[in-house]
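So the chains spell out like this:
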Amino acid sequence: ESAVLIGFSYMLSGLTYCIVFYFIVQDMFANRHDATYSLLAAASAYFLIAVIFGCLYAMVAVRNPMMLGTGVTTSLELVHRTFKMSHFVVAGFDVPDFAGEMMQNLAVVEAFISNLFIIFVVGRLMANQN
């Protein structure tokens, strides 16, 4: 029962971060801002991708802690490992050895999204600077 409640809280947190991400990207491209503002907004949105996927990994890990390997005994360790993995993927490092197959598959999706976001932002910002 507590796992369901914890998973639900991660889902709500992830949804909140997705909404914030949407408004950051919308504001970044909807209005004409100077380059510094746009780059700071893009960096904030990029780092938010890792947080969103950290919540997604945590939702999966709450249901099955073995996806994070052995030795996960506390909620704090679960959160530490999920967000560590998420930030490793966005930074371009390999997925940690403790990750299960489903976590590795989610990491591939996260890597695609984060890299495509960079390409999208650079293209849009260069087009807006004319």
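Going by the structure above, here's the rest.
These remarks concern the structure in this document. Residue numbering note: each chain is counted from 1, following its sequence as written. Note on the predicted model: pLDDT of at least 70 is required for a residue's local features to be given, and 80 or more for side-chain atom pairs to be given and counted; whole-chain, interface and lining totals, by contrast, use all residues. No hydrogens and no water enter the side-chain calculation; it runs on all heavy atoms of the structure.

Under the DSSP-based scheme used, a helix requires at least four consecutive residues in state H or I and a strand at least two consecutive residues in state E, with every element numbered from the N terminus. Helix and strand counts for the protein chain come out as 4 helices and 0 strands. For the protein chain, the N- to C-terminal ordering of α and β elements is α-α-α-α. Dimensions along the principal axes, computed over C-alpha positions, put the protein chain at roughly 55 × 30 × 20 Å. When burial is assessed residue by residue, the protein chain has 36% of its 130 residues classed as buried. Summarising the internal contacts of the protein chain: among those between residues at least 6 apart in sequence, 70% fall at separations of at least 24. In summary, the charge assignment counts Lys and Arg as positive and Asp and Glu as negative, without counting His or the chain termini. For charged residues, the charge sits on one atom: NZ in Lys, CZ in Arg, CG in Asp, CD in Glu. Side chains of the protein chain carry 5 positive and 8 negative charges; the gap between the two charge centres is 5 Å. Buried residues are those whose accessible area, probed at 1.4 Å on protein chains only, stays under 20% of the maximum for their type, while exposed residues exceed 50% and partly exposed ones sit between those limits. Residue contacts are defined here by distance: any two heavy atoms, one from each residue, within 4.5 Å place the two residues in contact.

Here we take up the pattern of salt bridges. When a carboxyl oxygen of Asp or Glu is within 4 Å of a side-chain nitrogen of Lys or Arg, the pair counts as a salt bridge. Applying the stated criterion across every chain yields a total of 1 salt bridge. We note a salt bridge from Arg 81 to Glu 77, for which the minimum N-O separation is 3.0 Å. Of this pair, Arg 81 and Glu 77 both sit in helix 3 (residues 75-91), 4 residues apart, roughly one helical turn. Given the relative accessible area of 15%, Arg 81 is considered buried.

It is worth spelling out helix 3 at this point. Along its 17 residues, helix 3 runs 24 Å from first to last C-alpha, staying within 8% of the 24 Å computed at 1.5 Å per residue. Among the residues trailing helix 3, Gly 92 stands out with phi positive, at a value near 95 degrees. What a helix should span is 1.5 Å times the count of its residues minus one.

This is a description of form; function is not addressed.
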